[in-house]
Amino acid sequence: MSSDLDVFVGNTTLIDEEVYRLWLDGHSVAEAVARRLRGGVLEREGTSVAVLQSDTRDHYRTFQMLERLLHAPPRLLQQLLFQIPPERQALLVQRYYAFDEALARELLGKKLSKGTKKELDEVSARTGVGIRSCRRQFDNFKRVFKAVEELRGPLAENIQQLFLLPPALARDYAAIVFFANSRFETGKRRLQFLSFGDFAACAQSMMAHWSQGALAPEAADPDGDLPKSFLQDLKELKVLVSDKDLLDQHKSLVCSALRGKISVYNELEANFKALSRALVNVGGKLTHARDVRDFFVDLVEKVIEPCRSDKWSPGDLRLFLTHYTAAPRNLPGFRHQALWERYMAAISACLLRMYHD
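Owing to the predicted nature of the structure, the values given are computational and were not obtained by experimental measurement.

**Overview of the overall build of the chain**
Logical step 1: Along its length, the chain carries 22 helices and zero strands.
Logical step 2: Against the 2.2 N^0.38 benchmark of 21 Å for 357 residues, the chain shows a C-alpha radius of gyration of 26 Å, more extended than a compact globule.
Logical step 3: When the backbone C-alpha atoms are referred to their principal axes, the chain occupies close to 105 × 45 × 35 Å.
Logical step 4: When burial is assessed residue by residue, the chain has 45% of its 357 residues classed as buried.

**Some points on the pattern of salt bridges**
Logical step 1: One pass over the full model with this rule turns up 20 salt bridges.
Logical step 2: Note that glutamate 17 and arginine 95 form a salt bridge whose closest N and O atoms lie 3.2 Å from each other. In this pair, glutamate 17 is assigned in helix H1 (residues 17–24) and arginine 95 in helix H6 (residues 86–97), connecting sequence segments 78 residues apart.
Logical step 3: Across the pair glutamate 106 and arginine 126 runs a salt bridge whose closest N-O atoms are separated by 2.8 Å. Taken together, the positions of glutamate 106 in helix H7 (residues 101–107) and arginine 126 in helix H9 (residues 120–127) put the pair 20 residues apart, joining distant regions of the chain.

**Some thoughts on the domain arrangement of the chain**
Logical step 1: When its domains are assigned, the chain resolves into domain 1 (17–83), domain 2 (101–183 + 192–210) and domain 3 (228–354).
Logical step 2: Each of domain 1 and domain 3 has a C-alpha centre, and these two points are 54 Å apart.

**Regarding the layout of surface pockets**
Logical step 1: For the largest pocket, the calculated volume is near 280 Å³.
Logical step 2: As for the largest pocket, its lining consists of Asn181, Ser182, Asp225, Leu226, Lys228, Leu231, Gln232, Leu286, Thr287, His288, Ala289 and Val292.
Logical step 3: Mapped onto the lining of the largest pocket, the elements with two or more residues apiece are helix H12 (167–182), helix H15 (228–233) and helix H19 (289–293).
Logical step 4: Among the elements that line the lining of the largest pocket, the one with the most residues is H15, at three residues.

**Focus: helix H17 (residues 244–258)**
Logical step 1: For H17, with 15 residues, the first-to-last C-alpha span of 21 Å sits near the 21 Å given by 1.5 Å per residue.
Logical step 2: For H17, every residue scored as buried is listed here: Leu246, Leu247, His250, Val254, Cys255 and Leu258. All buried residues of H17 fall inside an arc of 155° around its axis, so they share one side. More than 90 degrees from the buried face of H17, the exposed residues found are Lys244 and Asp245.

**Quick notes on the nonpolar core**
Logical step 1: With 110 residues, the main nonpolar core has Ile159, Trp210, Phe295, Phe296, Phe320 and Ile347 as its most contacted residues.
Logical step 2: Here this core takes ten residues from H12, the largest share from any one element.

**Some remarks on the packing of aromatic side chains**
Logical step 1: Under the criterion given, the structure shown has 30 aromatic pairs.
Logical step 2: Seen in terms of ring centroids, phenylalanine 178 and phenylalanine 179 are 6.4 Å apart; in terms of plane orientation they differ by 80°. Their pairing is edge-to-face.
Logical step 3: On the basis of relative accessible area, phenylalanine 178 is assigned to the buried category, the value being 0%.
Logical step 4: With a relative accessible area of 0%, phenylalanine 179 lands in the buried category.
Logical step 5: Positioned above the aromatic ring of phenylalanine 193, the side-chain terminus of arginine 308 is 4.4 Å from the ring centre.

**Considering the side chain of asparagine 158**
Logical step 1: With respect to the helices and strands, asparagine 158 occurs in helix H11 (residues 155–163).
Logical step 2: When its relative accessible area of 11% is taken as the criterion, asparagine 158 is described as buried.
Logical step 3: Contacts of asparagine 158, omitting those with residues within four sequence positions, involve Val148, Leu151, Arg152 and Gly153.

**Topic: the packing of H1 against helix H4 (residues 49–70)**
Logical step 1: One way to put it is that H1 packs onto H4 with a least axis distance of 10 Å and a crossing angle of 65°. The two elements H1 and H4 meet at a crossing, and its hand is right-handed. Where H1 approaches H4, its residues Val19, Tyr20, Leu22 and Trp23 are matched on the opposing element by Thr56, His59, Tyr60, Phe63, Gln64, Glu67 and Leu70.
Logical step 2: Looking at the contact of H1 with H4 residue by residue, the class counts come to seven nonpolar, three polar and one charged.

**Thoughts on the environment of threonine 56**
Logical step 1: Take threonine 56: it is sitting in helix H4.
Logical step 2: Not counting chain neighbours up to four residues away, the residues in contact with threonine 56 comprise Val19, Val29, Ala32, Val33 and Arg36.

**Examining the packing of H1 against H6**
Logical step 1: Here H1 crosses H6 at 25°, and the two axes come no closer than 11 Å. In terms of orientation, H1 and H6 fall into the roughly parallel class. Handedness of the H1/H6 crossing: right-handed. Where H1 abuts H6, its residues Glu17, Tyr20, Trp23 and Leu24 lie against Arg88, Leu91, Leu92, Arg95 and Tyr96.
Logical step 2: Of the residues that constitute the contact of H1 with H6, the class distribution is six nonpolar, no polar and three charged.

Criteria and cut-off values
Residues numbered from 1 in each chain as written. Predicted model: local features only at pLDDT ≥ 70, side-chain atom pairs only at ≥ 80, totals over all residues. Heavy atoms only, no water. Helix = DSSP H or I, 4+ residues; strand = E, 2+ residues; numbered from the N terminus. Rg over C-alpha atoms; globule rule 2.2 N^0.38 Å. Buried < 20%, exposed > 50% of the residue type's maximum accessible area, 1.4 Å probe, protein only. Salt bridge = Lys/Arg side-chain N within 4 Å of Asp/Glu carboxyl O. Domains from an automatic or database assignment. 1 Å grid on protein atoms, 1.4 Å probe; cavity = no way out; pocket = protein on both sides within 12 Å on 5 of 7 lines; lining within 4 Å. Points joined across faces, edges and corners; volume = space filled by probe spheres on them. Expected span 1.5 Å × (residues − 1). Arc of directions from axis to C-beta. Core = buried A, V, L, I, M, F, W, Y, C linked by side-chain atoms within 4.5 Å. Phe/Tyr/Trp six-rings, centres within 6.5 Å; stacked < 30°, edge-to-face > 60°. Lys NZ or Arg CZ within 6 Å of the ring centre and 35° of its normal. Contact = heavy atoms within 4.5 Å. Axes fitted to C-alpha atoms, helices over the stretch in contact; angles between N-to-C directions. Left-handed = near helix turned anticlockwise from the far one by under 90°. Nonpolar A, V, L, I, M, F, W, Y, C, P; charged D, E, K, R; others polar. Parallel < 35°, antiparallel > 145°, perpendicular 65-115°, else oblique.

Now the structure itself:
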């Protein structure tokens, strides 16, 4: 009696994307096998449960050995133990650092510390993200934060270079680092309508217009901090609301430009001074840590909610902010136009992103 045996030998590390996803989601080997069975893998592959269990365990061992390299992705490219094609390496890194936006929204603005990590059981219950996955994602946030917190230059570019992430994912991590640095309040009830994407877009606008890199690219300060000198300078803008003549002229210019162009003209004319004071004073208070924390609370409470109450449309708000920002160019007594436009560029971008139900 004889039998034929075919043997194939290769050195390419095989990556099963489905099993990798199950591992990233924090499922045990037994849970992963059960899910693969429910997915009909036996019928597709014509194999047995024992082989499926062995295959899943083998993949899990590979992923566990790869994980230390994924903590510093350039090492994955340089190592020779695992022969993985470049496109597969990129997929491993991207999926390892991908995160659930519901989890990121819960952690946004919190200190990435042991204390916060202890709260992950509750966060897991609220978001529906498995606890093992929550811990992995939290550790990723903290690892990226630690790697870039002292580096010069644009945060997103630094993250992209150090962790080999796609540009969009690197920008999202930059937003997480920016919020962890400035500790903005995001958990208040009046802010719950805002998604992680809303806050990330606001962070990107603020970094683009207010960060040290935007103000002085050659400076040695980290790009994730709001420069104290810039925040101090914002107090100069208070002249727009403290000087009665400038306030009246500003109102006249904006109202003249918008008459007949927005549906809430009467409300704008009646409430212009209160709205202008709110917009200017949000920036004027940013020299105090507590007021920095309340930045988004103030925007919602003092600008977005009054505009909603008066039935402003997003188009009305966009037109108003455009003319409101441009009008001081025609105010003879106003000498801070460059500072004003830099300030309002970020404020306007934040308000327009946040102005939804």
